[in-house]
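These are the residues of each chain, in order.
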Amino acid sequence: MILNLMTFKLIYNANIITMDSAFAKADSMVINHLGKIEAIGTETELRNQFSSFSNEFDFNGQTIVPGLNDAHIHVWKIGHLRTYMLDVRGVKSIVEFKRLLKEFAEKNPNSEWIMARGINEMVLEEKRLPTKEDLDEIISDRPVFVIRTCAHIGIANSKAIAISEVDEATEVPFGGEIRKNEDGSLQGIFTERALGLIMNTIPPFTFEEYKNMILEAHKYLLSLGITSATDPAANEELLAAYIKLDQEGLLKVRMNVFPLRIPDGSDEIQVLPEQYESEFLQIKTVKFFSDGGLSSATAALNIPYKNTDGYKGVLRLDYDKFYQTAKEAVEKGFSIATHAIGHQAVDLTLKVYRDLFNIDNTLKHRIEHVGFLSNENIKDFKHMNMTAAMQPIFIYELANNFKSTLADELLDVVYPCKTVLDNGINLALSTDGPVVKEINPWVNMETAVTRKAMDGFVIGESQKITFEQALRAYTVGSAIADNLENIKGSLSTGKYADFIVLNKNPFKLDDVSTVEANETWVNGELKYKNIK
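Residues numbered from 1 in each chain as written. Predicted model: local features only at pLDDT ≥ 70, side-chain atom pairs only at ≥ 80, totals over all residues. Heavy atoms only, no water.

Moving on, we come to the overall build of the protein. Scanning the protein from N- to C-terminus turns up 17 helices and 25 strands. Taken against the 2.2 N^0.38 rule, which gives 24 Å for 532 residues, the C-alpha radius of gyration of the protein at 23 Å falls within 12% of a compact globule. With the C-alpha coordinates of the protein rotated into their principal frame, the extents come out at 80 × 55 × 45 Å. Buried positions account for 58% of the 532 residues belonging to the protein. Entry remark: accessible area of the protein is about 21000 Å², with carbon and sulfur atoms responsible for 48%. Taking the average location of the 56 positive side-chain charges in the protein and that of its 74 negative ones, the two points are 3 Å from each other. (Helix = DSSP H or I, 4+ residues; strand = E, 2+ residues; numbered from the N terminus. Rg over C-alpha atoms; globule rule 2.2 N^0.38 Å. Buried < 20%, exposed > 50% of the residue type's maximum accessible area, 1.4 Å probe, protein only. Areas by Shrake-Rupley, 256 points an atom, 1.4 Å probe, with all protein chains shown as cover. Lys, Arg positive; Asp, Glu negative; His and termini not counted. Charge placed at Lys NZ, Arg CZ, Asp CG, Glu CD.)

We now examine the sheet that holds strand β23 (residues 499-502). Ordered in space as β2-β6-β23-β24-β25, the five strands form an open sheet in which the pairing is mixed. In the strand order of this sheet, the two ends are held by β2 (15-16) and β25 (525-529), each with one partner. Here strand β24 (residues 517-522) runs beside β25; their pairing, made up of four bridges, is antiparallel. Note that in β25 the partner of Thr520 across the bridge is Tyr528. (Pairing = 2+ DSSP bridges.)

Moving on: the packing of helix α12 (residues 393-405) against helix α15 (residues 441-450). Between α12 and α15, whose axes approach to 6 Å, the crossing angle comes to 80°. Overall, the two elements α12 and α15 adopt an arrangement that is roughly perpendicular. Contacts from Ile393, Ile395 and Tyr396 in α12 reach Val443, Asn444 and Thr447 in α15. Classifying every residue of the contact of α12 with α15 by side-chain character gives four nonpolar, two polar and no charged. (Axes fitted to C-alpha atoms, helices over the stretch in contact; angles between N-to-C directions. Parallel < 35°, antiparallel > 145°, perpendicular 65-115°, else oblique. Contact = heavy atoms within 4.5 Å. Nonpolar A, V, L, I, M, F, W, Y, C, P; charged D, E, K, R; others polar.)

With seven of seven residues buried, strand β13 (residues 186-192) lies mostly within the body of the structure. Pairing of strand β11 (residues 153-156) with β13, which is carried by three bridges, proceeds in the antiparallel orientation. Each bridged residue has a counterpart across the sheet, and for Ile153 the counterpart in β13 is Thr191. As paired strands, strand β12 (residues 176-180) and β13 are joined by four bridges and run antiparallel to one another. Paired with Gly176 across the two strands is Glu192, which belongs to β13. From the end of β12 to the start of β13, which pair antiparallel, there are five residues, and Gly184 there has a positive phi angle of about 90°.

Take the side chain of Asp134 next. Here Asp134 shows up in helix α4 (residues 132-138). By relative accessible area, which is 7% here, Asp134 ends up buried. A polar contact of 3.3 Å, which involves the side chain of Asp134, links it to the side chain of Lys98. Not counting the four nearest positions on each side in its chain, Asp134 is found in contact with Ile94, Lys98 and Arg128. (Polar contact = N/O pair within 3.5 Å; in protein donor to acceptor, adjacent residues only side chain to side chain.)

Attention now moves to the nonpolar core. With 105 residues, the main nonpolar core has Leu294, Leu406 and Trp442 as its most contacted residues. Take this core: its biggest share by element is eight residues, from helix α10 (residues 343-357). Beyond its immediate sequence surroundings of up to four residues, Trp442 is in contact with Leu68, Leu224, Phe467, Leu471, Ile500, Leu502, Pro506, Val512, Ser513 and Val515. Formed by 20 residues, the second largest nonpolar core is a distinct cluster that contains Ile94, Ala105, Leu135 and Val144. (Core = buried A, V, L, I, M, F, W, Y, C linked by side-chain atoms within 4.5 Å.)

With that settled, the discussion passes to the pattern of salt bridges. Pairing between side chains becomes possible if they bear opposite charge and their charged atoms approach one another. Summed over all chains, the structure comprises 30 salt bridges. For Lys132, the salt bridge goes to Glu133, with nearest N and O atoms at 2.8 Å. For Glu133, a relative accessible area of 40% corresponds to the partly exposed category. Beyond isolated ion pairs, a larger network of salt bridges with shared partners links Lys98, Arg128, Asp134 and Glu137. (Salt bridge = Lys/Arg side-chain N within 4 Å of Asp/Glu carboxyl O.)

Turning our eyes to something else, we now look at the pairing of strand β19 (residues 335-340). When you tally the buried positions in β19, you get six out of six residues, the bulk of the element. Every second residue of β19 is oriented toward a common face, with Ser335, Ala337 and His339 on one face and Ile336, Thr338 and Ala340 on the other, all of them buried. For strand β18 (residues 285-289) and β19, the ladder comprises five bridges, and the chain directions are parallel. Bridging from a neighbouring strand, Phe288 pairs with Thr338 of β19. Traced from β18 through helix α9 (residues 319-331) to β19, the parallel crossover comes out right-handed. Where β19 lies against strand β20 (residues 366-369), four bridges are found, and the strand directions are parallel. (Right-handed = clockwise from strand over helix to strand, strands pointing away.)

So, about the environment of Thr42. Along the chain, the position of Thr42 falls in the loop between β4 (37-41) and α1 (43-49). Take Thr42: its relative accessible area is 23%, and that puts it in the partly exposed class. Once residues within four sequence positions are removed from consideration, Thr42 is found in contact with Asp27 and Ser28.

The subject of this paragraph is α12. The end-to-end C-alpha separation of α12 is 18 Å, in line with the 18 Å expected for 13 residues at 1.5 Å each. The largest bend in α12 comes to about 75°, at Ala399. Looking at the buried residues of α12, the elements they touch are β10 (144-148), β20, α13 (408-411) and α15. (Expected span 1.5 Å × (residues − 1). Bend = angle between axes of the 7 residues up to and from the residue.)

For the rest of this paragraph, the subject is the environment of Cys417. Tracing the chain through its elements places Cys417 in helix α14 (residues 417-422). Between the C-alpha atom of Cys417 and that of Ala448, which follows or precedes it by 31 residues, the distance is 7.7 Å. When near neighbours in sequence (up to four residues on either side) are disregarded, Cys417 contacts Met390, Pro392, Leu427, Arg451, Gln463 and Ile465.

Attention now moves to the side chain of Asp246. Counting through the fold element by element, Asp246 comes out in helix α8 (residues 236-247). An unpaired buried charge is present at Asp246: no salt bridge exists, and Arg254, the closest side chain of opposite charge, is 8.3 Å distant. A distance of 2.5 Å separates a polar atom in the side chain of Asp246 from a polar atom in the side chain of Tyr276. Polar side-chain contacts of Asp246 include one of 2.8 Å to the side chain of Ser278. When neighbours within four sequence positions are excluded, Asp246 is seen to be in contact with Leu251, Tyr276, Ser278, Phe280 and Leu281.

Below is the structure:
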């Protein structure tokens, strides 16, 4: 075969960390016209193999690693916060929150609904969530909906409640809660599947709105060195937007998108889409929620939360509905991903997965978050060759919530990254942004190594992992979770030339949280350059 040498680019004079054991040392790689790695090794080897190149890039000894893959991040929601929504993550009081809400409403007089996200009562001076009365005080003529940082709790003002036709007599959906005062009146606070009672009333986004959100998020992700991401809960309109953007060649980050089968606030099952796969978009896994959130104290534990009358959280699904709905997806070739944090939820999910495994043992399923694991759970993970997608960054940002609500014996084993790796289970790291404000992968990896919160408090010291393990979980591990390890996740021949050029060599640092992407390349093309 005669090679057209002018189609090849040479990357040389670099410290390339391939994350592939087949190449112990590499300082150069050749990229073909398809944006894939044609060869990798030393500069001398490659210059002997290829006589000339269309372009050559000298990286002056800078460190290069594979593009990072956030295995669970709500991409369009990241974009929503950066475009049409008020971001109140980090707000310290209800007084400050009200001021920001008022200013936002005044700046957006044409917005039909006013939406905000990120409130966290554990960092508020008042140590409580706002209620509908707080919202009514600021805005009474337009519907307002405020989503807690975890996205498992929302607060509506009276206008939003009235438009949604919710009142004291409204039936509470299974796996949800409508919080009321002692006199039976509504607080305006909705949890888990009851969120849909309000959210289903909010007008759907247009394609142009989704486009702006997704592309704004992609720009931000590329600046962090993230070249692949999983958006883990999509409705029909969002799926259609992703497909259209892909077909128009507009996606900048490789996306793995999970259709959501059972939406909040309704017992209606979302129709299974057709499977879809291209270079930049994969739709081959469906998503379920089996419990709530840990920071909101709605994850389904096997022991009570602190300072409660035996409350153990919320299971959002029963076995029969979960199994039958997942079975339909598996029979059509879809893998299953399930949000399961607490013990009860993980147990339920694995019971369903065992029965699905008997139908098709070739599909690889995954559990999102995985707060806790029993010995029996570990056996199931190994037997079914599953992935655990975890978010150490929760410890960094939500530690106060965990310390306030979890029994001490749970704090030591929550988000058991080391247990997963020690048992040969695939670990994929992610941030679940915008549940947390900090979606920087290097801060996330540093937290996986140290298990330190913002204030230095250590949670689950026994679950520390090494930096090498953390980086692998952000590259190879996440590619395995996507079932795409044959084309991404490491830098080796035949895989996509997705890589980042770092400002520092992380393998020589005691703290990797200050590492940044100087450049981000996708398909062998420069997509982001830090101009600071």
